[in-house]
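Here is what each chain is made of, one letter per residue.
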Amino acid sequence: MLNHKDYSKLDTNELKEHYEVLNEKYDGYLSQNLSLDMSRGKPSAEQLELSKEMLNIVSTHDDLHAEDGSDCLNYGVIDGIPEAKRFFSNMLGVSTKEIIIGGNSSLNMMFDAISRAMLQGVYGGAANWGKAPIKFICPTPGYDRHFAICEFFNIEMILVDLTHEGPDMDTVEDLVRADDSIKGIWCVPKYSNPEGITYSDQIVDRLASMDTKAKDFRIFWDDAYTVHHLTNTPDPLKNILTACKEAGHADRVFMFSSTSKITFPGAGVAVLAASEDNLNFIRKQISIQTIGPDKINQLRHVRFLRDLDHLKLHMEKHAAIIKPKFDLVLNKFESELGGKNIAFWNKPNGGYFISLNTLDGCAQAVVSMAAKAGVKLTNAGATFPYGQDPRDRNIRIAPTYPSLTELETAIEVLCLCVQLVSINKFLI
Ligand code: PLP
């Protein structure tokens, strides 16, 4: 049978024959009027259930004061209650002086950080970033909303390949050494979106120590998936703030994270960590923007998540729900696409995504063919700046939200589409 044959080695007749068989199956799905959505990395209802108890933790009967006596119902405490600072600084491996607790969204904190820099510059910078055209390095494939922020602020994006251990540092180093309009780089250092890779120690060290022509260069370190492991042997990630300090560039990094995929994406807690000098500068600006964030939510989170040991147990419950979904996708890829030389994918140890690469020039056709059969995937190209994948091959798979049954059907349809579009490519 043709089941595991390398498609590139099949002759025209074999390809046509195989196309007929697969197309018949695809037609079968067309008639089912499916409506499956795998487009965004959202926790499932079952995962949200894991944290619902948190909503009962803070009630009228409870003491609603933080441990320093601040009334969480009232104004104030611009950068977070002490117990929240302690919890999140432990999570990120920074000191309590190196963290600001924000609202519910780390993306919001990233947007605000760039917005402030555009208007007022960053600590130690000579001018505001908005004064002249600036650029950001965007390791790709990457997170579409990072790129959207750059587009919003008219920041030119420079694509750099993401390797299995982080950005292609030879290119990054050459770029930042030569051009002082390059002010930043986006990094999702752990279980990256969408590749699922974790930066190696060497990459972290090179980012921390590289020479940058812009003295006000910043690494936007979006550690969204820092505790989101799928196995008992988590990927290690070197501490970037420590590495930056050791390299004499303590102010180079802004770290971000949140509990969006620990508790609730709509009602979590987000944080920004950085050097004390950076934070002193930022705190003054934030205090113009707000009289203080939602401290009740901080209190709830700390009382619910308690400490790192408890957080680990909580994340194991998430993993127990989502690991079978990742396994299902990976097993289906292997059984339907394995050995055919038409698609390539990675096996992440954590995070929320599986990145699938088709043959060059096939991703858009696959995504629209799947959509026609009622399976909505993330737009092809979304993982690249301006929505344009230069090789039109990357498709981001978000397996967490659908049920196992829905996922199975959706991946079957996807695999059929990959095969059909690939055969078409060979037949041209
Ligand atoms: N950063 C990355 C890499 C993400 O994948 C996501 C959500 O998918 C976010 C940030 C959003 O974070 P938040 O919900 O804290 O705004």
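Computed from a predicted model, the values in this text were never measured in an experiment.

A.B. asks: Let's hear about the domain arrangement of the chain: which residues, and what values?
C.D. replies: Often, the extent of an interface is quoted as the loss of accessible area on bringing the components together. If you check the domain split of the chain, you get domain 1 (7-48 + 312-427) and domain 2 (64-306). If you average the C-alpha positions of domain 1 and of domain 2, the two centres end up 31 Å apart. Taken together, the contact between domain 1 and domain 2 spans 23 residues of the former and 27 residues of the latter. Among the secondary structure elements, those contributing two or more residues to the side of domain 1 that touches domain 2 are helix 11 (308-337), strand 11 (354-358) and strand 13 (394-397).

A.B. asks: Pulling in residues and values, what's your account of the sheet that holds strand 5 (residues 166-167)?
C.D. replies: Spatially, 8 strands are ordered 2-9-8-7-6-3-4-5 in an open sheet, and the strand pairing comes out mixed. Strands with a single pairing partner mark the edges of an open sheet, and in this sheet they are strand 2 (99-101) and strand 5. Pairing of strand 8 (residues 253-258) with strand 9 (residues 270-273), which is carried by 4 bridges, proceeds in the antiparallel orientation. Counted as the bridge partner of Phe 256 is Leu 272 from strand 9. Running at roughly 160° to strand 3 (residues 135-140), helix 5 (residues 144-152) makes contact with strand 3, strand 4 (156-163) and strand 6 (182-187) of the sheet.

A.B. asks: Pulling in residues and values, what's your account of the environment of Gly 196?
C.D. replies: Assignment of secondary structure puts Gly 196 in the loop between strand 6 and helix 7 (201-209). Along the primary structure Gly 196 and Asn 23 are separated by 173 residues, whereas in three dimensions their C-alpha atoms are 32 Å apart. Gly 196 has contacts with Tyr 191, Asn 346, Pro 348, Gly 351, Phe 353, Ile 354 and Ser 355, leaving out every residue within four places of it along the chain.

Criteria and thresholds
Residues numbered from 1 in each chain as written. Predicted model: local features only at pLDDT ≥ 70, side-chain atom pairs only at ≥ 80, totals over all residues. Domains from an automatic or database assignment. Contact = placed C-beta atoms within 7 Å. Helix = DSSP H or I, 4+ residues; strand = E, 2+ residues; numbered from the N terminus. Pairing = 2+ DSSP bridges. Axes fitted to C-alpha atoms, helices over the stretch in contact; angles between N-to-C directions.

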